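Report on the structure
The primary structure of each chain is shown beneath.
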Amino acid sequence: LWFWWLGAWLRLFGTSVTGVHLACAPFAAALGWGSVALARRLGSPWAGLAPLATPPVMAQLVRPELDLPLLACVVWALVALLGSRWRTFAGMGVLAVLFKEPGVLLCVPAGIMWALADRKWTRLPAVLAPLAALGAWGLLHGGLADAERLPDSMGVWITTDFPLAV
């Protein structure tokens with residue numbers, strides 16, 4: 001999804017550095033707004049701005065990489081989860097996975113919230129929505145979704161050196 005957004009933006013507004021930065025701006029704004037909303041849910045709105053001031057996050061805010069939309073979706077998914085808005089969580093979780101696969105990890109806090117809350121079975125599809133999105137992506141893309149393979153030397157290391165070390 002991110003590369004479609006970026007490609008459409010650059011086609012419409014040109015391929016300048018400023019154009020790339022402006023393409024990142026809505027996601028950077030969503031990340032900032034979501035961070036403050038998440039911090040507000042946790043008790044301190046100003047604390048939500050602190051992570052945005054760290055150099056790695058500040059660098060991400062203007063770079064056209066997959067982490068920016070992933071971070072924005074994850075923050076808003078957590079805000080929805082803390083507000084018990086399960087459908088919104090499911091939607092943001094699916095978007096997070098479609099931007100970048102680590103969004104599937106949203107199943108963990110959702111599963112914990114589901115287990116600690118009322119355990120309504122009707123909410124379980126929302127908990128598993130990011131996982132379902134990753135599975136659907138894998139089915140659609142087939143061979144592109146194969147697991148990464150370890151180098152051949154890693155297998156040898158595991159079978160010979162590791163047992164000796166233990």
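To start, this report covers the structure provided alongside it. (Residues numbered from 1 in each chain as written. Predicted model: local features only at pLDDT ≥ 70, side-chain atom pairs only at ≥ 80, totals over all residues. Heavy atoms only, no water.)

Here we look at the nonpolar core
- Within the largest apolar cluster, 34 residues are counted, with the highest numbers of intra-cluster contacts made by Trp2, Leu31, Leu68, Trp86, Phe89 and Ala110.
- Elements represented by at least two residues in this core include exactly helix H1 (2-13), helix H2 (17-42), helix H4 (67-82), helix H5 (86-99), helix H6 (107-116) and helix H7 (124-141).
- At 10 residues, H4 tops the list of elements feeding residues into this core.
- For Trp2, the contacting residues outside a window of four places in its chain are Ala23, Cys24, Phe27, Pro64, Glu65, Leu66, Pro69 and Phe99. (Core = buried A, V, L, I, M, F, W, Y, C linked by side-chain atoms within 4.5 Å. Buried < 20%, exposed > 50% of the residue type's maximum accessible area, 1.4 Å probe, protein only. Helix = DSSP H or I, 4+ residues; strand = E, 2+ residues; numbered from the N terminus. Contact = heavy atoms within 4.5 Å.)

A look at the environment of Gly7
- Residue placement: Gly7 occurs in helix H1.
- As a C-alpha pair, Gly7 and Val20 span 13 residues in sequence and 9.8 Å in three-dimensional space.

Here we look at the packing of H5 against H7
- Contact geometry for H5 and H7: axes closest at 8 Å, N-to-C directions at 25°. The angle between H5 and H7 places the two elements in the roughly parallel class. For the pair H5 and H7, the crossing hand works out as right-handed. Facing H5, whose interface residues are Trp86, Phe89, Ala90, Gly93, Val94, Val97 and Leu98, H7 presents Ala126, Val127, Ala129, Pro130, Ala133, Leu134 and Trp137.
- Classifying every residue of the contact of H5 with H7 gives 13 nonpolar, one polar and no charged. (Axes fitted to C-alpha atoms, helices over the stretch in contact; angles between N-to-C directions. Parallel < 35°, antiparallel > 145°, perpendicular 65-115°, else oblique. Left-handed = near helix turned anticlockwise from the far one by under 90°. Nonpolar A, V, L, I, M, F, W, Y, C, P; charged D, E, K, R; others polar.)

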